[in-house]
Amino acid sequence: MKTEEMFRLFMEQIKELKHDINNVHQELKHDINNVHQELKQDINNVNQDIKDMKNDISAMKGQLDRIEEAQQQEVFGMLKVVDKKITNVSYDIDYLREQSSRHDMDIERIKKQIRS
């Protein structure tokens, strides 16, 4: 085989290699681009999930705040009722003391009358 023919064969092989390398390079670029797009979509999905969770947390916080406020109002109302009942009991005790005292005085008066 002559040198020229060997050189031509060598150049053809180099062209084929260059073509193969170019094809592999294009496939890799395409694959990398696909992976990049998938990652961008995944990141967007995660960001949307985070936004949704923040909205859900905010809504739950609002619900919990309303529940807490309602409970506080309920407890306050119950305390007012208890306070009124305690106040009424105090008035009842004072009234009963006064009545007892009158009865005691009546009993003492009657005892004196009986002794006399």
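Being a predicted model, the structure only gives us computed values, none of them experimental.

### Comments concerning the overall build of the chain
Assigned secondary structure in the chain consists of one helix and zero strands. Expected size for 116 residues packed as a compact globule is a radius of gyration near 13 Å; at 49 Å, the chain overshoots this value by more than 25%. Along the first, second and third principal axes, the C-alpha set of the chain runs to 165 × 20 × 10 Å. Counting over 116 residues, the chain shows a buried share of 1%. Just so you have it, the chain exposes about 11,300 Å², and 59% of that area is on carbon and sulfur atoms. Where the 19 positive side-chain charges of the chain centre and where its 23 negative ones centre are 11 Å apart.

### Notes on the environment of lysine 51
Mapped onto the elements of the fold, lysine 51 is located in helix α1 (residues 3–115). Separated by 63 residues in the primary sequence, lysine 51 and isoleucine 114 place their C-alpha atoms 93 Å from one another.

Conventions adopted
Residues numbered from 1 in each chain as written. Predicted model: local features only at pLDDT ≥ 70, side-chain atom pairs only at ≥ 80, totals over all residues. Heavy atoms only, no water. Helix = DSSP H or I, 4+ residues; strand = E, 2+ residues; numbered from the N terminus. Rg over C-alpha atoms; globule rule 2.2 N^0.38 Å. Buried < 20%, exposed > 50% of the residue type's maximum accessible area, 1.4 Å probe, protein only. Areas by Shrake-Rupley, 256 points an atom, 1.4 Å probe, with all protein chains shown as cover. Lys, Arg positive; Asp, Glu negative; His and termini not counted. Charge placed at Lys NZ, Arg CZ, Asp CG, Glu CD.

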